[in-house]
Amino acid sequence: MNLTEIRSKIREIVDLDQQDVSDTLLNMYIKDGFERIVSLERRWPSYQKTFNLSTVAGQRAYPMNTIGDGNLREVISLVDTSAVGNRLEFISYDDAEAVWVGSYDQTSRPLYYTFWEDQIHLWPKPDAVYPLVVRGYRKSNDWSSSDSTEVDADARLHQSLVYYGVAQIYQLQEDVELATFYRKTFDEAVRLAVSDIMRPSS
């Protein structure tokens, strides 16, 4: 569903037209509901991404916003796909800088990686160009800037946004009973959908 469709369903339930409740207000409620849902998990299957990254000799840090389409939120795997090949191991930045410091900070084939200041840091610094495959999870897209763009979440979560919007409208009207009912409906719909979405495939 997109914003237009969600707003239409909300208005059907609360029996209010655009004169009673503006698109701007409904959009705010829908976006709020979306942010609440997305914040429940960091690793949504629909946000999975795979990118290629080529190292630069002598360069340790690689900003996240320069990898792939620049929308990467979290990296879970870095694999060196050169002839020798190797999956880099994640370590803490503190441990890395305790080893590669001063004269010990020599260039070589990267074996470890860390995160700091929204950048991937390779340890040791690469001594040549190495092809890396980066697997991770992207940030949500700005779907709410257009009424016709589908919500950037699994389709099983879309109906939940209708319930959240309805609950907020009833809360605005100080109808506590209906607001509570639809908020509970939202919570249950999200819980069931998340359970299904995050269930292992085997």
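Residues numbered from 1 in each chain as written. Predicted model: local features only at pLDDT ≥ 70, side-chain atom pairs only at ≥ 80, totals over all residues. Heavy atoms only, no water.

> Give a description of the packing of helix 4 (residues 158-172) against helix 5 (residues 176-197) that names residues and reports values.
The geometry of a pair of packed helices is captured by two quantities: the angle between their axes and the separation between those axes. Here helix 4 crosses helix 5 at 160°, and the two axes come no closer than 8 Å. Here helix 4 is positioned roughly antiparallel relative to helix 5, judged by the angle of their axes. For the pair helix 4 and helix 5, the sense of crossing is left-handed. Contacts between helix 4 and helix 5 involve Ser160, Tyr163, Tyr164, Val166, Ala167, Gln168, Tyr170 and Gln171 on the former and, on the latter, Leu178, Ala179, Tyr182, Arg183, Thr185, Phe186, Ala189 and Val190. Across the contact of helix 4 with helix 5, the residue classes tally to 11 nonpolar, four polar and one charged. (Axes fitted to C-alpha atoms, helices over the stretch in contact; angles between N-to-C directions. Helix = DSSP H or I, 4+ residues; strand = E, 2+ residues; numbered from the N terminus. Parallel < 35°, antiparallel > 145°, perpendicular 65-115°, else oblique. Left-handed = near helix turned anticlockwise from the far one by under 90°. Contact = heavy atoms within 4.5 Å. Nonpolar A, V, L, I, M, F, W, Y, C, P; charged D, E, K, R; others polar.)

> I'd like a rundown of the packing of aromatic side chains, residues and numbers included.
All told, the structure shown has 11 aromatic pairs when counted by the stated rule. A centroid spacing of 5.7 Å and a plane angle of 35° characterise the contact between Phe90 and Phe115, whose relative ring orientation is tilted. Of this pair, Phe90 sits in strand 5 (residues 89-90) while Phe115 sits in strand 6 (residues 112-116); the two residues are 25 residues apart in sequence, bridging distant segments of the chain. Residue classification places Phe115 among the partly exposed positions, given a relative accessible area of 29%. Measuring from centroid to centroid gives 5.7 Å for Trp100 and Tyr112, while their planes differ by 50°, and the two rings are tilted. Here the residue Trp100 occupies a position in the loop between helix 3 (93-99) and strand 6, and Tyr112 occupies one in strand 6, the gap between them amounting to 12 residues. Look at Trp100 and you get buried, because its relative accessible area is 16%. On the basis of relative accessible area, Tyr112 is assigned to the partly exposed category, the value being 25%. Grouping aromatic residues by their ring pairs yields a cluster made of Tyr93, Trp100, Tyr112, Trp116 and Trp123. (Phe/Tyr/Trp six-rings, centres within 6.5 Å; stacked < 30°, edge-to-face > 60°. Buried < 20%, exposed > 50% of the residue type's maximum accessible area, 1.4 Å probe, protein only.)

> Can you lay out the sheet that holds strand 6 for me, pointing to particular residues and giving the numbers?
Taken in spatial order, the four strands of this open sheet run 2-7-6-5, and their pairing is mixed. The outermost strands of the open sheet, each flanked by one partner alone, are strand 2 (61-63) and strand 5. Bridging between strand 6 and strand 7 (residues 119-123) involves five bridges; their strand directions are antiparallel. Among the inter-strand pairings, Tyr113 is bridged to a residue of strand 7, identified as Leu122. (Pairing = 2+ DSSP bridges.)

> Now, about the pattern of salt bridges: what can you tell me, with residues and values included?
Inspection of the entire model under this criterion finds 15 salt bridges. Notably, a salt bridge pairs Asp80 with Arg109, separated by 2.4 Å at the nearest N-O pair. Of the two residues, Asp80 is situated in strand 3 (residues 72-80) and Arg109 in the loop between helix 3 and strand 6; the sequence distance between them amounts to 29 residues. Judged by relative accessible area, Asp80 falls into the buried class, the value being 2%. You can call Arg109 partly exposed: its relative accessible area is 23%. Taken together, the salt bridges that share partners define one network made up of Arg7, Arg11, Asp23 and Asp147. (Salt bridge = Lys/Arg side-chain N within 4 Å of Asp/Glu carboxyl O.)

By themselves, these are just geometric observations and shouldn't be taken as functional.
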